[in-house]
Amino acid sequence: MKIIDLKTNRTSFVISAAVACLNSGGLVIYPTETLYGAGVNATNQTAVNKLLAYKSRREGKPLSIAVTDQNMAKKYVVINQQATDLYQKFLPGPYTIISQNKNTIAKGVASEFNTLGIRIPDYRLIIKIVEQLKKPITATSANTSGKKRPYSIADILQNTSKKQQNLIDLVIDAGTLPHNPSSTVIDTTLSTPLTLRDNQQNKKNTQVLIGNNEEETKQIAGKLLLKHWSQIKKSGLLIGLNGELGAGKTIFAKGLGKFLGIKQPITSPTYTYIKEYPYHRYLTEGFFFHIDTWKIDSQEQLDTLKLEKLFKKNNIVAIEWWTQIKQFMPELEVPRLIIDFEVIGQQKRQLIIYEA
């Protein structure tokens, strides 16, 4: 591992060293306007494999890439009008805009939905490195799985094993960075933008999304699970589903099952109240419980289901007709995602999503 002090070396020397390292398949730790990132040539499969080994990448979470501008981004993703508007408003800056992947980068960078995040950092050094490399570099934080955000090189070295450190070829040390949040992540591949991570002090507990057809509604379900995956692994997740018959609640549940890799058909539990589906996703095993509470109208009836026993780490509990039973639910220390479905077309659904 070679360490170059950005403050005591010429910028041109640092750029040349970084480009040479990236061209040879190396892994570079570099500063940005948010935190320290880990970069390899995103078109080099061997280099990407090296980065994935360093990150101890988990649960299929995608990486993103740094490019110089929108024109460069077009080589790697399909930029629709949503994305164009966000590029003009927020980039360069601490935002990651997700678009459909064009399959021109190494495997393991894009998401399982074949989408790809684009960063245009507001950090001149990185723009210059990518400009000279003429290829995108990965734009993922330099911390490994589950470790603290890296605002200094010490943050990285103190939270990585010797084996992981041996995978690092070059470190660009800019000292301790300002403690800015990581980038806000916005998915533009659905009919309406989906904010997967919001770190810019403009927190919103409500989002309105449109599913133009059954497949898009299922995609929304999967992407929401991926967004909340760390919470699911820690304490489980309750998903309350509201809406009239045929509004899309069961279609959404099918999307949850698809994301979890459940092979059994997901069907409405109207007559059985609860259906239980074991799942195994990457290194995580748990249960998906699909519950229909349409017939329940009292505390006594709800108590017979013993729902409190279902809420454990790795478990997802989706309850249809949530508003009907929420007053009877016990106080639980579990994250809640409440979704109201409304039919606005033959297959078109509006989803109003509340996070609690």
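Refer to the preceding data block for the structure.
Residues numbered from 1 in each chain as written. Predicted model: local features only at pLDDT ≥ 70, side-chain atom pairs only at ≥ 80, totals over all residues. Heavy atoms only, no water.

A. Summary view of the sheet that holds strand S1 (residues 2–5). The mixed open sheet is built from 5 strands, whose spatial order is S1-S10-S2-S3-S9. If you trace the sheet from one side to the other, it starts and ends with S1 and strand S9 (140–141), each paired once. Where strand S2 (residues 28–30) and strand S10 (residues 170–173) come together, 2 bridges link them in parallel fashion. Its bridge partner being in S10, valine 28 is matched across the sheet by leucine 170. Against the sheet, helix H1 (residues 11–23) engages S1, S2, strand S3 (37–39) and S10, with an angle of about 155 degrees to S10. (Pairing = 2+ DSSP bridges. Helix = DSSP H or I, 4+ residues; strand = E, 2+ residues; numbered from the N terminus. Contact = heavy atoms within 4.5 Å. Axes fitted to C-alpha atoms, helices over the stretch in contact; angles between N-to-C directions.)

B. Region of the structure containing the packing of H1 against helix H5 (residues 124–133). Running from N to C, H1 and H5 cross one another at 50 degrees; their axes reach a closest spacing of 9 Å. Taken together, the axes of H1 and H5 lie oblique to each other. As H1 packs across H5, the resulting crossing turns out to be right-handed. On H5, the residues touching Thr11, Val14, Ile15, Ala18, Val19, Leu22 and Asn23 of H1 are Leu125, Lys128, Ile129, Gln132 and Leu133. (Parallel < 35°, antiparallel > 145°, perpendicular 65-115°, else oblique. Left-handed = near helix turned anticlockwise from the far one by under 90°.)

C. Structural view of the pairing of strand S6 (residues 95–101). When you tally the buried positions in S6, you get 6 out of 7 residues, the bulk of the element. Relative to S6, strand S5 (residues 77–78) runs antiparallel, the two being bridged by 2 bridges. When the bridges of S6 are listed, valine 77 appears paired with asparagine 101. Here 4 bridges tie S6 to strand S11 (residues 184–187), and the two strands are oriented parallel to one another. (Buried < 20%, exposed > 50% of the residue type's maximum accessible area, 1.4 Å probe, protein only.)

D. Here's a closer look at the pattern of salt bridges. Under the definition given, this model contains 8 salt bridges. Lysine 50 serves as the salt-bridge partner of aspartate 169, at 2.6 Å between the closest nitrogen and oxygen. Residue aspartate 169 is found in the loop between helix H7 (162–165) and S10, and its partner lysine 50 is found in helix H2 (residues 45–55); the two are separated by 119 residues along the sequence. A residue is classified by how much of its surface remains accessible, and lysine 50, at 22% relative accessible area, is partly exposed. Where glutamate 131 meets lysine 128, a salt bridge forms, and the shortest distance between an N and an O atom there is 3.5 Å. Of the two residues, glutamate 131 and lysine 128 both sit in helix H5, 3 residues apart, roughly one turn of that helix. (Salt bridge = Lys/Arg side-chain N within 4 Å of Asp/Glu carboxyl O.)

E. Summary view of the nonpolar core. Ranked by size, the top nonpolar core spans 64 residues in total, and within it Ile29, Tyr54, Tyr87, Leu125, Ile129 and Ile172 carry the most contacts. Ranked by residue count, the leading element in this core is H1, at 7 residues. In this view, isoleucine 129 contacts Ile15, Ala18, Val19, Leu22 and Ile172; residues no more than four positions away in its chain are not counted. One finds Leu190, Leu226, Ala253 and Ile266 within the second-largest nonpolar core, a separate group that totals 31 residues. (Core = buried A, V, L, I, M, F, W, Y, C linked by side-chain atoms within 4.5 Å.)

F. How the structure looks around the side chain of arginine 349. Within the secondary structure layout, arginine 349 lies in strand S19 (residues 349–355). A distance of 3.3 Å separates the side chain of arginine 349 from the backbone oxygen of glycine 345, its partner in a polar contact. The residues contacting arginine 349, other than those within four sequence positions of it, are Leu209, Ile210, Gly211, Thr217, Gly246, Ala247, Gly248, Glu342, Val343 and Ile344. (Polar contact = N/O pair within 3.5 Å; in protein donor to acceptor, adjacent residues only side chain to side chain.)

G. Focus on unusual backbone geometry. The linkage connecting leucine 91 with the following residue, proline 92, adopts the cis geometry, with an omega of 0 degrees. Within the secondary structure layout, proline 92 lies in the loop between helix H4 (81–90) and S6. Even without a glycine there, the phi angle at asparagine 103 is positive, about 60 degrees. Among the secondary structure elements, asparagine 103 is positioned in the loop between S6 and strand S7 (115–119). Take asparagine 103: its relative accessible area is 54%, and that puts it in the exposed class.

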